[in-house]
Amino acid sequence: MPDSFDVIVIGAGPGGYVCALRAAQLGMKVACVEKRETLGGTCLNIGCIPSKALLQSSERYEEARHRLADHGIGVAGVTLDLGRMQARKAEVVSANVRGVEFLFRKNKVAWLKGEGRILGPGRVAVNGEEYAARHIVIATGSESIPLPGVAVDERVIVTSTGGLELDRVPQHLVVIGGGYIGLELGSVWRRLGAQVTVVEFLDRIVPGMDAEIGKAFERILARQGMRFRLRTKVTGARKGNEGVTLALEPAEGGPAEEIRADVVLVAIGRRPYVDGLGLEAAGVALDERGRVRTDGRFATSVPGIWAIGDCIAGPMLAHKAEEEGVAVAEIIAGQAGHVNYEAIPGVVYTWPEVAAVGRTEEQLKAEGIAYKVGRFPFTANGRARAMGETDGFVKLLADAATDRLLGAHIIGPDAGTLIAELALAIEFGASAEDVARTSHAHPSLNEAVKEAALAVDGRALHI
Ligand code: FAD
Ligand code: NAI
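Residues numbered from 1 in each chain as written. Chains lettered and ligands numbered in written order. Predicted model: local features only at pLDDT ≥ 70, side-chain atom pairs only at ≥ 80, totals over all residues.

**Quick word on the overall build of the chain**
Logical step 1: Each helix and strand in the chain was counted, giving 14 helices and 22 strands.
Logical step 2: Relative to the globule expectation of 23 Å for 463 residues, the C-alpha radius of gyration of the chain, 23 Å, shows essentially globular dimensions.
Logical step 3: Reported as C-alpha extents along the three principal axes, the dimensions of the chain are approximately 70 × 60 × 45 Å.
Logical step 4: Residues classed as buried in the chain amount to 46% of the 463 residues present.
Logical step 5: For the chain, long-range pairs separated by at least 24 residues make up 65% of all intrachain contacts whose partners lie at least 6 apart in sequence. (Helix = DSSP H or I, 4+ residues; strand = E, 2+ residues; numbered from the N terminus. Rg over C-alpha atoms; globule rule 2.2 N^0.38 Å. Buried ≥ 20, exposed ≤ 12 C-beta atoms within 10 Å, placed from the backbone. Contact = placed C-beta atoms within 7 Å.)

**A word on the UniProt feature "domain: FAD/NAD(P)-binding" (unreviewed entry) in the chain**
Logical step 1: As recorded in UniProt, the feature "domain: FAD/NAD(P)-binding" (unreviewed entry) lies at residues 5-325.
Logical step 2: Helix makes up 32% of residues 5-325 and strand 26%, with an end-to-end C-alpha separation of 17 Å. (UniProt positions renumbered as here; feature names shortened; annotations may be inferred.)

**Quick word on the UniProt feature "domain: Pyridine nucleotide-disulphide oxidoreductase dimerisation" (unreviewed entry) in the chain**
Logical step 1: The UniProt record annotates "domain: Pyridine nucleotide-disulphide oxidoreductase dimerisation" (unreviewed entry) at residues 344-453.
Logical step 2: Between the C-alpha atoms that bound residues 344-453 there is a distance of 20 Å. The span itself is 35% helix and 28% strand.

**Considering the pairing of strand β1 (residues 3-10)**
Logical step 1: Bridging between β1 and strand β6 (residues 129-138) involves seven bridges; their strand directions are parallel. Counted as the bridge partner of I10 is I138 from β6.
Logical step 2: Relative to strand β2 (residues 30-34), β1 runs parallel, the two being bridged by four bridges. Looking at the pairing, V9 lines up with C32 of β2.
Logical step 3: A crossover connection joins β1 to the parallel β2 through helix α1 (residues 14-25); in handedness this β-α-β unit is right-handed. (Pairing = 2+ DSSP bridges. Right-handed = clockwise from strand over helix to strand, strands pointing away.)

**Brief notes about the pairing of strand β15 (residues 263-266)**
Logical step 1: Neither face of β15 is open: one carries V263 and L265, the other V264 and V266, and all of them are buried.
Logical step 2: Bridging between strand β8 (residues 157-158) and β15 involves two bridges; their strand directions are parallel. Paired with I157 across the two strands is V264, which belongs to β15.

**Some words on the sheet that holds strand β21 (residues 393-399)**
Logical step 1: An order of β18-β19-β22-β21-β20 is seen for the five strands of this open sheet, with the pairing classed as antiparallel. Because the sheet does not close on itself, it has two edges, and the strands there are β18 (346-348) and β20 (371-377). Strand after strand, the sheet turns through a mean of 10 degrees between neighbouring axes, direction not considered.
Logical step 2: Pairing between β21 and strand β22 (residues 405-412): six bridges, direction antiparallel. Directly across from V394, in β22, lies its bridge partner I410.
Logical step 3: The strands touched by helix α7 (residues 211-223) are β19 (353-358), β21 and β22; relative to β22, the strand with the most contacts, the crossing angle is about 5 degrees.
Logical step 4: Along the sheet, helix α12 (residues 415-427) contacts β18, β19 and β22; its crossing angle with β19, the most-contacted strand, is approximately 5 degrees. (Axes fitted to C-alpha atoms, helices over the stretch in contact; angles between N-to-C directions.)

Here you go:
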């Protein structure tokens, strides 16, 4: 008789491990299959956490070198010990992944180490052993999309995984793709001394974000020294002794040119990862983009097999995967698990940060929804001035008829933290007026949010 569980989750990323914990909380007997040496998935091992550790360290370095002088603080002889910086990052990752292992033990979730394969409804094989489960949850995540002609070796042509591990600061880093990864890791290496060129196929960076914010973001990053080649495509890469020569062309075609790079970071998006899972044999259907097809409540085409996180539709974000992990565990337990996709924030952790929740102006226009806009710049916020961090603004979008908050977009200091009250406001169906009438501490960056809410009706006080 195979070992038997109520739920077997395949993949221990933020979707899978959170699902396993919630299912255990709800009294189920749970196992989680993970083939990596450590738990936590892409996010904890090679994604969110190590990238934020390096963003933090590189920001400190840049501050010490260039920005403390403004405060009257002289710091002589600032040096970079990249080995120590990378070791600190590894310590941060290690503490986090061990934390998940602790949580598994605490909640009696069994970690089945190895590669999981679905043999059919209720049957999973791990390293030749068969296990039985009433429910199987697929949480196998995603991988970076390869670019034809630019073969990754994770040394000089890298994905984010190699881009987090460089042991030398490249002289010239060329980033292909002006999205989340390209701009975060581009910022890390620029701060540490690299010249960074971002090659983006479209005519703008962060294409999913509000266009006005995207433009401001590009201007600020350019002022920091990042170079942009928009509407440009990379058609090939040639590796030599001295790095890589990339062939570029205008996106719409035209004369080719070459640029040289010490390191090339390919960051043109991620795609679902379901290799070796046996989905076809098990009858689990994929959609046209290779994602596991679900019914909107995480059920796949096979009863008893569910899917969550990066391998299904929706934004590829850790907190989205986590919400889905909780929801599917609750649905399996007979509860009303639910995820509100209207209220999932997205944050680019550069400095300034860029954060958004809800709809963009472009989406509202496309949907024909009449809206009002309220904007407030950080230059008019006392706390931002005291911090010396006045780049950026808050932009709120509210329904013209009902005043209901529909979208919030912030570029500025700590935007990723400021966005939380707006995610909550959207979750609660608040109006701009509700936000405007809420007392915000003075002097705080949050007052810029309140002022933008006032500005929706043309009554901001400090501008
Ligand atoms: P994953 O985290 O990818 O986990 C899937 C796990 O399944 C992996 O550990 C894999 O080994 C395992 N697996 C796959 N197949 C099998 C199998 N057959 N058997 C056993 N195990 C298997 N998101 C944010 O919200 N904020 C950020 O700041 C952020 N930063 C990022 C930075 C980088 C560089 C990258 C690459 C991503 C970042 N993300 C961030 C995205 C985030 O990492 C993902 O959205 C998140 O990890 C998705 O979680 P998941 O559980 O769906 O999958
Ligand atoms: P992305 O989708 O954010 O950005 C990819 C960019 O590459 C886009 O601007 C796209 O137009 C461009 N592009 C596509 N093909 C191209 C080509 N051939 N040549 C030039 N440009 C091209 O993808 P990215 O940065 O790889 O990140 C993947 C995902 O990981 C993100 O979408 C996000 O979901 C997640 N992530 C989240 C982070 C966060 O929350 N802070 C940080 C890092 C990653």
